[in-house]
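# Structural overview for review
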Amino acid sequence: MREVVVTGLGAVSPVGLDIAETWRAVLAGESGIGPITRFDPTGFDTRFAGEVKAFDPLDYMDRKLAHRSDRFTQFAVVAALQAVQDAQLTVNQENRDRVGVLIGSGIGGLESLSTAVTTLNARGPQRVSPLAVPMFIPDMASGQVSILLGAYGPNFATVSACSSSAHAIGEAAEMIRRGQADVMVAGGSEAPVVGVAVAAFNSMHALSVRNDCPATASRPFDATRDGFVIAEGAAVLILESAEWAARRGARVLARLAGYGSTADAYHITAPAVRGRGAAQAMRMAMEQARIAPQDVQYINAHGTGTDQNDKAETEAMKDVFGEHARRLAISSTKSMTGHSLGAAGAMESAFCILAMRDGILPPTMHLHQPDADCDLDYIPNEARRRAVSITMSNSFGFGGHNVSLLFATSD
């Protein structure tokens, strides 16, 4: 089986416009959550989110492309170009058929869809933009990145709610392993800070409503948590076969050692009892990597800050790791970035890789009153210096989609 390595990272997040600034802010425990500015949230139960600040698409692309692209596509393009630059990857006539793009999104261009519906209702069908469909379909981020890079390899989008970008990375790795591609530009993007999304999540009581203290509202594993904080952003990884990377002299950041993907087959939004599907995904990732549970040192948890999900994930980790669960270092970086839905898995995979590179583990912020049912080591409130060589990223989505990705150092 071909070995898959990671050679580049890119990100746009509520705490930074590139991967370096995002990582610095996360290690410092800085919150990217604040009052909503993308629309007027007056009358909403939740009036805050994790927005990407000071983002001007014209800083990265020409006016025509920006005008024809939804915000989620703009984020994906920027994160992908950053990752390609970080990997020092050149796509040319000689290799373009072996380079693919797989960018996932849970919702796609919701802002463009919402605008089109508003225009239809207010001004009639003749006024709906001919760009509406290519702006809101979820595969357009992957399509635009492929066009810009001139990548002729596999190209599509994964859509599995909050597991979308984790699925993208895992499936991209599988395409490399089976020889369908040598390089995959893989990740996810989301721009869901739109009125209809916030209203809908509010109606199902999924979002935090701590409007008096938005910066500390995301509280994974804390007894006072009251829901997740919706956020936007994108993250992209460059995956290559180890042989391809070696031939071009690429710097290797990590190996993608294992990928597990399962279904709960239980409920449209609630996790399976005791996190059964999540536990099986973690086991599958370790089986593919051929490692034992005690070899895993750090987990970037799905850790949304909702009551059921945090408990179910904790139970799943206890089930999988047994007594070793007490020795694991675990954190939820959503406590700072918020939950970027389909982009979260890629963002948190990047954090796992950077934790191994730098020997420092990001914290779970705002964890001051531990839940008795969430009693593992969640690295509360301060980053921890610790050398690690095997890390795991968990992503779980509405519909019962579970993904675990296992990363290891390259030596």
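Residues numbered from 1 in each chain as written. Predicted model: local features only at pLDDT ≥ 70, side-chain atom pairs only at ≥ 80, totals over all residues. Heavy atoms only, no water.

A word on the overall build of the chain. For the chain, the helix and strand inventory stands at 13 helices and 14 strands. Since a compact globule built from 411 residues should have a radius of gyration of about 22 Å, the 20 Å found for the chain is in line with a globular shape. Split into buried and exposed, the 411 residues of the chain put 62% on the buried side. Restricting to contacts in the chain with at least 6 residues of sequence separation, those with at least 24 account for 79%. When the accessible surface of the chain is totalled, it reaches about 15,500 Å², and 51% of it is carbon and sulfur. A distance of 2 Å separates the average location of the 35 positive side-chain charges in the chain from that of its 43 negative side-chain charges. (Helix = DSSP H or I, 4+ residues; strand = E, 2+ residues; numbered from the N terminus. Rg over C-alpha atoms; globule rule 2.2 N^0.38 Å. Buried < 20%, exposed > 50% of the residue type's maximum accessible area, 1.4 Å probe, protein only. Contact = heavy atoms within 4.5 Å. Areas by Shrake-Rupley, 256 points an atom, 1.4 Å probe, with all protein chains shown as cover. Lys, Arg positive; Asp, Glu negative; His and termini not counted. Charge placed at Lys NZ, Arg CZ, Asp CG, Glu CD.)

The next thing to look at is the sheet that holds strand β9 (residues 298-300). The sheet built from ten strands is open, its strands ordered β5-β4-β6-β7-β1-β8-β14-β13-β9-β10 with mixed pairing. Single-partner strands in this sheet number two, and they are β5 (155-156) and β10 (329-331). For β9 and β10, the ladder comprises three bridges, and the chain directions are parallel. Paired with N300 across the bridge in β10 is S331. Lying over the sheet, helix α3 (residues 71-87) contacts β1 (4-12), β4 (99-104), β6 (183-190) and β7 (233-241), oriented at roughly 135° with respect to β1. (Pairing = 2+ DSSP bridges. Axes fitted to C-alpha atoms, helices over the stretch in contact; angles between N-to-C directions.)

Glancing now at the side chain of H324. If you trace the backbone, H324 turns up in the loop between α11 (307-321) and β10. In terms of polar contacts, H324 uses its side chain to reach the backbone carbonyl oxygen of Q294, at 3.4 Å. Look past the residues within four positions of H324 in its chain and what remains in contact with it is P293, Q294 and V296. (Polar contact = N/O pair within 3.5 Å; in protein donor to acceptor, adjacent residues only side chain to side chain.)

Unfilled space is identified by rolling a water-sized probe across the atoms. Space inside the largest pocket adds up to approximately 590 Å³. Lining the largest pocket are 41 residues, and of these T269, A270, T306, N309 and F398 sit closest to its centre. At the level of elements, α11, β13 (390-397) and β14 (401-408) are the ones that each hand at least two residues to the lining of the largest pocket. Of all the elements, α11 adds the most residues to the lining of the largest pocket, at five residues. Taken together, the residues of the lining of the largest pocket sort by class into 16 nonpolar, 19 polar and six charged. Considering only enclosed or pocket space, the second largest pocket measures out at about 220 Å³ in volume. Forming the walls of the second largest pocket are 13 residues, and the residues nearest its centre are S112, T115, A116, S129 and M135. Elements that contribute at least two residues to the lining of the second largest pocket include exactly α4 (110-123) and α5 (132-136). (1 Å grid on protein atoms, 1.4 Å probe; cavity = no way out; pocket = protein on both sides within 12 Å on 5 of 7 lines; lining within 4 Å. Points joined across faces, edges and corners; volume = space filled by probe spheres on them. Nonpolar A, V, L, I, M, F, W, Y, C, P; charged D, E, K, R; others polar.)

With 14 residues, helix α10 (residues 276-289) should cover 20 Å at 1.5 Å per step; its first-to-last C-alpha distance of 20 Å lies within 8% of that length. Along α10, the residues that are buried comprise G277, A278, A279, A281, M282, A285, M286, Q288 and A289. Among the structural elements, α7 (164-177), β8 (254-263), α11, β13 and β14 are those in contact with the buried residues of α10. Two residues or fewer after α10 comes R290, characterised by a positive phi angle close to 60°. (Expected span 1.5 Å × (residues − 1).)

On to the packing of aromatic side chains, then. Inspection of every chain in the model, using the stated rule, returns seven aromatic pairs. Summarising the aromatic geometry, the rings of F221 and Y378 are spaced 4.0 Å apart at their centres and angled 10° between planes, so their arrangement reads as stacked. In this pair, F221 sits in the loop between α8 (195-203) and β7 while Y378 sits in the loop between β11 (360-361) and β12 (384-385), placing the two residues 157 residues apart along the sequence. For Y378, a relative accessible area of 2% corresponds to the buried category. Through a chain of ring-to-ring contacts, the aromatic side chains of F55, Y60 and F75 assemble into a single cluster. One residue, R96, lies across the ring of Y152, its end atom 4.4 Å from the ring centre. (Phe/Tyr/Trp six-rings, centres within 6.5 Å; stacked < 30°, edge-to-face > 60°. Lys NZ or Arg CZ within 6 Å of the ring centre and 35° of its normal.)

What follows deals with the nonpolar core. Counting 48 residues, the largest nonpolar core has L9, L239 and F407 as its most contacted members. Broken down by element, this core gets its largest block of residues, nine residues, from helix α13 (residues 344-358). Ranked by size, the runner-up nonpolar core spans 32 residues in total, among them V77, L89, I103 and L149. (Core = buried A, V, L, I, M, F, W, Y, C linked by side-chain atoms within 4.5 Å.)

Enumeration according to the criterion identifies one cavity of 30 Å³ or more in this entry. P14, E232, T337, S340, A344, M347, E348 and F351 together form the lining of the largest cavity. Tallying contributions element by element places α13 first for the lining of the largest cavity, with four residues. The residue inventory of the lining of the largest cavity, partitioned by class, reads four nonpolar, two polar and two charged.

Time to look at the pairing of β7. A large share of β7 lies buried, amounting to nine of its nine residues. Direction of pairing for β1 relative to β7: antiparallel, over a ladder of eight bridges. What sits directly across from A11, in β7, is A235. In the sheet, β6 pairs with β7 via eight bridges, with the strands oriented antiparallel. Bridged to A186 within β7 is L237.

Geometry only, nothing functional implied.
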